[in-house]
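Spelled out, the chains give:
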Amino acid sequence: MLQFEWDSIKAKKNVKIHRVSFDEACTAFGDTLSLTIYDPLHSDKEDRLVLIGNSFKNRLLVVVHMERKQYEENAKRSRHA
């Protein structure tokens, strides 16, 4: 089962700028026809992925995300640097 977490300030900004809540964006991960690709242009500090899929509101969304495991490894490296 997927679990999602995000920064509450960033979530509010996302609704204001893109009119999409992170709660809705999470539902695109349940789209069986979604496509996830690696984002080499924005992955210099962390591996970013881009998911394209339909939300429960039937809106086609582009969701930029990273996997928690990768985030924890990057944070650990930063603390030890």
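Now for a description of the structure that goes with this document. Computed from a prediction, not measured in an experiment: that's the story for all the values here.

The rules behind these values
- Residues numbered from 1 in each chain as written.
- Predicted model: local features only at pLDDT ≥ 70, side-chain atom pairs only at ≥ 80, totals over all residues.
- Heavy atoms only, no water.
- Salt bridge = Lys/Arg side-chain N within 4 Å of Asp/Glu carboxyl O.
- Helix = DSSP H or I, 4+ residues; strand = E, 2+ residues; numbered from the N terminus.
- Polar contact = N/O pair within 3.5 Å; in protein donor to acceptor, adjacent residues only side chain to side chain.
- Buried < 20%, exposed > 50% of the residue type's maximum accessible area, 1.4 Å probe, protein only.

1. Some thoughts on the pattern of salt bridges
All chains considered together, the criterion is met by three salt bridges. Ionic pairing is found between K57 and E24, a salt bridge with its closest N-O pair at 4.0 Å. Of this pair, K57 sits in the loop between β2 (49-54) and β3 (60-65) while E24 sits in helix α2 (residues 22-27), placing them 33 residues apart in sequence. For R48, the salt bridge goes to E46, with nearest N and O atoms at 3.2 Å.

2. What to know about helix α1 (residues 8-18)
The backbone nitrogen of I9 lies 3.0 Å from a side-chain oxygen of the residue at the head of α1, namely D7. Looking at the residues trailing α1, positive phi occurs at R19, about 60°.

3. Some points on the environment of G30
Looking at the element boundaries, G30 is found in the loop between α2 and β1 (35-38). We classify G30 as exposed; its relative accessible area is 58%. Taking the C-alpha atoms as reference points, G30 and S55, 25 residues apart in sequence, are found 8.0 Å from one another.

Taken by themselves, the reported measurements are silent on function.
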